[in-house]
Amino acid sequence: MENYTREDILRMAEEEDVEFIRLQFTDMFGTMKNIAIPFSKLEKAMNNECVIDASSMEGFYRNEEEDMYLYPDLDTFSILPWRPQQGKVARFICDVYKADGTPYTESPRWILKETVKKAAEKGYSFQVDPECEFFLFHTDDNGMPTTLTHEQAGYMDLSPVDLGENARRDIVLTLEDMGYEVESSHHEIAPGQHEIDFSMSDVLETADKIMTFKVAVRTVAKRHGLHATFMPKPREEVNGSGMHINMMLFKDGKNVFEDKEDSLGLSSEAYAFIAGILNHIKGMTAIFNPLVNSYKRLVPGFEAPSDITWSSKQRTALVKVNLGQAGEQTIELRSPDPSANPYLVFALCLAAGIDGIEKGLEAPAELKKSIRSMSEEEKEAQGIQSLPENLSDALQEMEKDTWMQQALGETFFGHYKKAKKKEWKSYMKQVSEWELAQYLYQI
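The rules behind each value
- Residues numbered from 1 in each chain as written.
- Predicted model: local features only at pLDDT ≥ 70, side-chain atom pairs only at ≥ 80, totals over all residues.
- Heavy atoms only, no water.
- Axes fitted to C-alpha atoms, helices over the stretch in contact; angles between N-to-C directions.
- Helix = DSSP H or I, 4+ residues; strand = E, 2+ residues; numbered from the N terminus.
- Parallel < 35°, antiparallel > 145°, perpendicular 65-115°, else oblique.
- Left-handed = near helix turned anticlockwise from the far one by under 90°.
- Contact = heavy atoms within 4.5 Å.
- Nonpolar A, V, L, I, M, F, W, Y, C, P; charged D, E, K, R; others polar.
- Patch = residues over 30% accessible without salt bridge, like charges linked within 9 Å, V, L, I, M, F, W, Y side chains within 5 Å.
- Areas by Shrake-Rupley, 256 points an atom, 1.4 Å probe, with all protein chains shown as cover.
- Salt bridge = Lys/Arg side-chain N within 4 Å of Asp/Glu carboxyl O.
- Buried < 20%, exposed > 50% of the residue type's maximum accessible area, 1.4 Å probe, protein only.
- Phe/Tyr/Trp six-rings, centres within 6.5 Å; stacked < 30°, edge-to-face > 60°.
- Pairing = 2+ DSSP bridges.

Here we look at the packing of helix H3 (residues 108–121) against helix H8 (residues 342–359)
- Where H3 contacts H8, the two axes come as close as 8 Å, and the packing angle between them is 25 degrees. As the angle between them shows, H3 and H8 are arranged roughly parallel. Relative to H8, H3 is oriented so that their crossing is left-handed. For the pair formed by H3 and H8, the contact residues are Pro108, Arg109, Ile111, Leu112, Thr115, Val116 and Ala119 on the first element and Tyr343, Leu344, Phe346, Ala347, Leu350, Ala351 and Ile354 on the second.
- Looking at side-chain class alone, the contact of H3 with H8 contains twelve nonpolar, one polar and one charged residues.

What to know about the side chain of Lys379
- Along the chain, the position of Lys379 falls in helix H9 (residues 376–381).
- If we ignore the near neighbours within four places in the chain, the residues touching Lys379 are Asp307, Ile371, Met374 and Ile384.

A look at a nonpolar patch on the surface
- Residues Val431, Leu436, Leu440 and Tyr441 make up a contiguous nonpolar surface patch of about 480 Å² in total accessible area.
- Mapped onto the fold, Val431 is located in the loop between helix H12 (410–428) and helix H13 (433–439).
- Among the residues examined, Val431 registers a relative accessible area of 59% and is labelled exposed.

Some words on the packing of aromatic side chains
- Scanning the entire structure with this criterion turns up 16 aromatic pairs.
- Ring geometry for Tyr4 and Phe77: centres 6.4 Å apart, planes at 85 degrees, overall edge-to-face. In this pair, Tyr4 sits in the segment before helix H1 (6–15) while Phe77 sits in strand E4 (residues 68–79), placing the two residues 73 residues apart along the sequence.
- Residue class for Tyr4 comes out partly exposed when judged on its relative accessible area of 22%.
- When its relative accessible area of 6% is taken as the criterion, Phe77 is described as buried.

Things to note about the sheet that holds E4
- The mixed open sheet is built from five strands, whose spatial order is E2-E1-E5-E4-E3. Since the sheet does not close on itself, it has two edges, and those belong to strand E2 (32–38) and strand E3 (50–52), each with one partner. Mean inter-strand twist for the sheet, computed between neighbouring axes without regard to direction, equals 40 degrees.
- Examined bridge by bridge, E4 and strand E5 (residues 88–98) share eight bridges and lie antiparallel to one another. Directly across from Ile79, in E5, lies its bridge partner Ala90.

Here it is in structure tokens:
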């Protein structure tokens, strides 16, 4: 992330012929919103004087009497490479504030910043490296998205089998134009499925990158006549899309997770960090997997984890211990999906891990064999529990874990729970094609 001054931004905007600036922010569900201002209002924006009416937006606590103010993070200033080269468009990622100058505490970005601040007060800094998966599908004659793809490529295949290679390349080049460091990209297991990985970096910077990444993927895909979706499970017969989170925790410039004397190279803090995540994972699942559709991905028989386990070798474990890009120990959480709000996901991972360290929690026994080969009786004998099976169960687990209210804030917690319960009730009113096929002619 750059360190820009107001003067830097004004100079760059003039030199690059910027005509519009997008002031972007994220709602509680992880949806990016924005207003656009002309260049003439740039100084007004940097004076934190641009107002939004949040009363009409889903994902905001709607108080009709109160306007919200956008405070641009100057270091996020970037020119959008997919917009016109003459009369360019730039953007800021903004924090949301109330009229009295206090932060809007239900802003996901604020929740992450506060979590990072509390960790810093204890001497910790947090870096993450997300693995973001998505599908590229065809559109119909009216330009509407389908779930159709002509390709049959599999894991790490290349052209001509991988028909999405050109689109994926252009996505990476677009991100690099914005200064993002992309570690790698490849075709994933399912036809039409792709993955782009960032380099390990600061947690807030990475959350901002994911929000921009989603916009870039959709924009570039559209230029290729394709529709990009981050829906966790758009097709029932193939793997869904995940957003695995690789994590490193630092203190005094040292990777806290590393201990070369341990058989797995893990420190006592690493085991406690894992224990903290496993201890709170049921309650966090409603955030990590926020859609009704998310739970169609978290089923046995596919790559996504459905049981609460950790391992240094088993790929199907919920938490996997890995050697990172620089040969250092990382902890990978494999349950989150790309529909989740990255600010909230990262905040909860950090808070849960530190909770485990502070309480000296002990990790359960490591999973030594494939969970897919174990019977239910074997799982029960080893005390292995499963993730919530649907959004309703996840919301119940979130309510049970009182720590979740502390981590997210009581007000945000209440509004999120209310909105997601409404979503579940709406889903339960629907009659699916499966139900008609299963019951209409037989009952």
